[in-house]
Amino acid sequence: MPWTMNDYPSSMKNFEPVLRKKAIEIANAMVDEGYEEGRAIPIATEQAKEWYENASEKEIKEFEEQGNPAKRSNKKKSYENRPELLDEGEHVVPHDKGWAVQAKDAKKPTKVYENKSDAVEHAKEIAENKGTEAVIHKRSGDIEKKHNFSD
């Protein structure tokens with residue numbers, strides 16, 4: 001069952017409502033993608049805090065005005081739950097719209113960026129949170145660099 005603004009992890013109880021809402025949204029998405037709740041909560045919390053620190057007032061206001069995370073669609077997801085990807089490194093690979101960040105062997109990218117540097121930063125953040133590695137590829141597909149975040 002997804003978390004809502006009325007039913008959320010106790011670790012989020014002291015958050016400002018908009019920060020809690022963002023953390024809930026991220027955590028629900030991570031659980032949908034196969035993350036265990038115990039891993040999703042701290043990662044979602046960190047990502048929500050980073051979003052809040054870096055978002056403009058306009059972005060925060062727009063997000064605040066969106067519906068409650070409880071009112072999520074029940075449509076069939078277009079991806080399969082693949083918890084085995086949690087242990088895989090994050091790759092930055094060429095994409096027809098720029099640069100994609102995706103776990104090794106993932107069917108779809110996590111996110112696509114216009115420029116490579118943004119994709120690299122995102123991949124490093126995810127890999128650090130997962131304790132894996134960020135693998136940066138060249139346009140040719142060859143590996144350019146690896147950043148290891150394993151213990």
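All residue numbers here refer to positions counted from 1 along the written sequence of the relevant chain. Selection of residues for local features in this predicted model requires a pLDDT of at least 70, selection of side-chain atom pairs for listing and counting requires 80 or more, and totals for whole chains, interfaces and linings are taken over all residues. In computing side-chain properties, one takes all heavy atoms of the structure into account and sets aside hydrogens as well as water.

1. Section: the pattern of salt bridges
One speaks of a salt bridge when a side-chain nitrogen belonging to Lys or Arg is within 4 Å of a carboxyl oxygen belonging to Asp or Glu. By the definition in use, this model includes 4 salt bridges. Across the pair K116 and E144 runs a salt bridge whose closest N-O atoms are separated by 2.5 Å. Placement of K116 in helix α4 (residues 116-130) and of E144 in strand β5 (residues 143-148) is noted, with a sequence separation of 28 residues between them. Here's how the labels work: a residue is buried when its accessible area is under 20% of the maximum for its type, exposed when over 50%, partly exposed in between, all with a 1.4 Å probe on protein chains only. The exposure class assigned to E144 is partly exposed, which follows from its relative accessible area of 45%. The numbering of helices and of strands both runs from the N terminus, where a helix is a DSSP run of H or I of at least 4 residues and a strand a run of E of at least 2.

2. Comments concerning α4
Here α4 contains 15 residues, and its C-alpha end-to-end distance of 21 Å stays within 8% of the 21 Å for a straight helix at 1.5 Å per residue. Should any heavy atoms of two residues lie within 4.5 Å, those residues are considered in contact. Close packing links the buried residues of α4 with α2 (37-54), β1 (90-95), β2 (98-103), β3 (111-113), β4 (133-137) and β5. Phi for G131, located one or two positions after α4, is positive at around 75 degrees. By definition here, a helix of n residues has an expected span of 1.5 Å times n minus one.

3. Describing the nonpolar core
Each nonpolar core is a collection of buried residues, namely Ala, Val, Leu, Ile, Met, Phe, Trp, Tyr and Cys, held together in the definition by side-chain atoms within 4.5 Å. Core analysis: the largest hydrophobic core is formed by 16 residues, its most contacted members being M12 and M30. Contributing elements (two or more residues each) for this core: α1 (17-32) and α2. The greatest single-element share of this core, amounting to 6 residues, is contributed by α1. Sequence-distant contacts of M12, that is, excluding residues within four places in its chain, are made with R20, A23, I24, I41 and T45. With 11 residues, the next largest nonpolar core counts W99, A119, I126 and A127 among its residues.

4. Overview of the sheet that holds β5
Strand order in this open sheet of 5 strands is β3-β2-β1-β4-β5, and the pairing throughout is mixed. Of all the strands in the sheet, the pair left with one neighbour each is β3 and β5. On average, each strand axis in the sheet is tilted by 20 degrees relative to the strand beside it, whichever way the strands run. Here β2 pairs with β3 via 3 bridges, running antiparallel. Looking at the pairing, V101 lines up with K111 of β3. Convention adopted: a line fitted to C-alpha atoms gives each axis, helices being fitted over their contacting stretch, and angles between N-to-C directions are expressed from 0 to 180 degrees. In this fold α4 packs onto β1, β2, β3, β4 and β5, with an angle of close to 155 degrees to the strand it touches most, β1. Any two strands are treated as partners once DSSP identifies two or more bridges connecting them.

5. Some thoughts on the side chain of Q102
Here Q102 shows up in strand β2. Residues contacting Q102, with those up to four places away along its chain left out, are G89, E90, H91, V93, K108, P109 and T110.

6. Considerations on the pairing of β4
Counting buried positions along β4 yields 4 of 5 residues, so the element is predominantly enclosed. Note that β1 and β4 share 3 bridges and pair parallel. If you follow H91 over to β4, its bridge partner there is V135. Bridging between β4 and β5 involves 5 bridges; their strand directions are antiparallel. Note that in β5 the partner of A134 across the bridge is H147. Counting the residues between successive antiparallel strands, the hairpin from β4 to β5 contains 5 residues, one of them, G141, with a positive phi of roughly 100 degrees.

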